[in-house]
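# Structure assessment
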Amino acid sequence: MNVLIVDDEPLARKRLRQFVSDYPGAKLIAECSSGQLAIDAVRTHQVDVILLDVQMAGMDGFAVVRALPTEAPPVVIFVTAHDAHALRAFEVAAIDFVTKPVRRERLHAALDRARGVLASRESAAAGERLQRMLLALRPEGGSEQPSRTAGTGAERLQVRDGDNTLFLATRDVDWLEADGPIVRVHVGQSIYKVRDTLSRFEESLDNARFVRIHRSIVVNLDVVRHLQPWFGGDAFLVLRDGQRLKVSRTYRALLRARLNAI
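### Digging into the pattern of salt bridges
The full count for this structure, using the stated rule, is 14 salt bridges. With its nearest N and O atoms 2.7 Å apart, the salt bridge here joins Arg106 to Asp96. Placement of Arg106 in helix H5 (residues 104-121) and of Asp96 in strand S5 (residues 96-99) is noted, with a sequence separation of 10 residues between them. Like Asp96, Arg106 is buried. Its salt-bridge partner being Asp112, residue Arg115 comes within 3.3 Å of it at the nearest N-O pair. Taken together, the residues span about one helical turn, with Arg115 and Asp112 both in helix H5 at a distance of three residues. Judged by its relative accessible area of 31%, Asp112 is partly exposed. By sharing partners, the salt bridges in this structure join Asp7, Glu9, Asp53 and Lys100 into a single network.

Shown next as structure tokens:
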């Protein structure tokens, strides 16, 4: 993935450059010392990820984000010495927030999240088509076909990652799994554990995008590759990353109807 570094401090850019250089699959496409130069770089290069300082002279990081293209914009990771900007960073759709002095492991974890987001965009066209079709569907009734009214749902989920609080865009969540009092939230290669119930998560999610396939599993239909029949009438849902999730018979008919509508 092509990475753009934006920071008005030369030493900060040097540190980021070193850490990006030893991250597998990352290519430093350009470095910028100001917000305006960053916008010019985005227009000139194919930029996948921006490591963006918040406080810069002239155009700050938030102004840069507002100037980014609205269609398939680069993934933004804010880098700053002031964690007071964290909440506002997530409000403008940054996927992560890394504080200075930047640690290699922390930046690489943020790049892992960025890679997961970029991977999810590969199926964006199919996902949008699926979304339109699901919105047109009326939920089917019946004791063995649980149905709910489709809604917009929350745009972000709040989870803990060590000492950090992350705000995950719900569109980036692949699936959720209940494990006793814990819900595992799967986002690309990352898994976040939250002490809550799956039912409470499901209530906050967009019912046109997320569907329960088992009493302990809710999946984002945007990441579904196909439904795979199995022996004895069982079935598995295969996700784009090859993950196979067992589908309960209770939820299978509704799931099949939605998938066949694509």
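Picking up after the structure, the text goes on.
### Points about the sheet that holds strand S14 (residues 235-239)
Read across the sheet, three strands follow the order S13-S14-S15 without closing on themselves; strand pairing throughout is antiparallel. The sheet is open, and its two borders are formed by strand S13 (224-229) and strand S15 (244-246), each paired with just one other strand. Pairwise comparison of adjacent strand axes, ignoring direction, gives a mean angle of 25 degrees for this sheet. Summarising the sheet, S13 and S14 pair through five bridges and their orientation is antiparallel. Directly across from Gln228, in S14, lies its bridge partner Phe236.

### Focus on the sheet that holds strand S9 (residues 182-187)
Spatial ordering of the open sheet is given by S10-S9-S8-S12-S11, a layout of five strands whose pairing is antiparallel. For this open sheet the edge positions go to strand S10 (190-195) and strand S11 (210-214), each flanked by a neighbour on one side alone. Across the sheet, the mean angle separating the axes of adjacent strands is 25 degrees when strand polarity is ignored. Direction of pairing for S11 relative to strand S12 (residues 217-220): antiparallel, over a ladder of four bridges. Residue pairing for S12: Arg212 is matched across the bridge by Val218.

### A short note on helix H2 (residues 35-44)
Residues of H2 that are buried include every one of Gly35, Ala38, Ile39, Ala41 and Val42, and no others. Around the axis of H2, the buried residues are gathered within 160 degrees of arc, so they sit on the same side. In this structure, H2 carries Arg43 and Thr44 as exposed residues pointing more than 90 degrees from its buried face. In the core, the buried residues of H2 are packed alongside strand S1 (2-6), strand S2 (27-32), strand S3 (49-53) and helix H3 (61-67).

### Thoughts on the confidence of the model for the protein
When pLDDT is averaged along the protein, the result is 79, and 77% of the positions lie at 70 or above. pLDDT under 50 marks residues 123-151. Its contacts with residues more than four places away, or in other chains, come to 40 contacts.

### Details of the environment of His214
If you trace the backbone, His214 turns up in strand S11. Using a relative accessible area of 22% as the deciding quantity, one classes His214 as partly exposed. For the pair His214 and Glu177, spaced 37 residues apart in the sequence, the C-alpha separation amounts to 9.2 Å.

### Details of the packing of aromatic side chains
Applying the stated criterion across every chain, the model contains one aromatic pair. Seen from their ring centres, Phe62 and Phe78 are 5.2 Å apart, and the 50 degrees between their planes marks the pair as tilted. Here the residue Phe62 occupies a position in helix H3, and Phe78 occupies one in strand S4 (residues 75-80), the gap between them amounting to 16 residues. In this structure, Phe62 and Phe78 share a single accessibility class: buried. The lysine or arginine in question, Arg244, covers the ring of Phe236, its NZ or CZ lying 4.2 Å from the ring centre.

About the criteria used
- Residues numbered from 1 in each chain as written.
- Predicted model: local features only at pLDDT ≥ 70, side-chain atom pairs only at ≥ 80, totals over all residues.
- Heavy atoms only, no water.
- Salt bridge = Lys/Arg side-chain N within 4 Å of Asp/Glu carboxyl O.
- Helix = DSSP H or I, 4+ residues; strand = E, 2+ residues; numbered from the N terminus.
- Buried < 20%, exposed > 50% of the residue type's maximum accessible area, 1.4 Å probe, protein only.
- Pairing = 2+ DSSP bridges.
- Axes fitted to C-alpha atoms, helices over the stretch in contact; angles between N-to-C directions.
- Arc of directions from axis to C-beta.
- Contact = heavy atoms within 4.5 Å.
- pLDDT = per-residue confidence, 0-100.
- Phe/Tyr/Trp six-rings, centres within 6.5 Å; stacked < 30°, edge-to-face > 60°.
- Lys NZ or Arg CZ within 6 Å of the ring centre and 35° of its normal.

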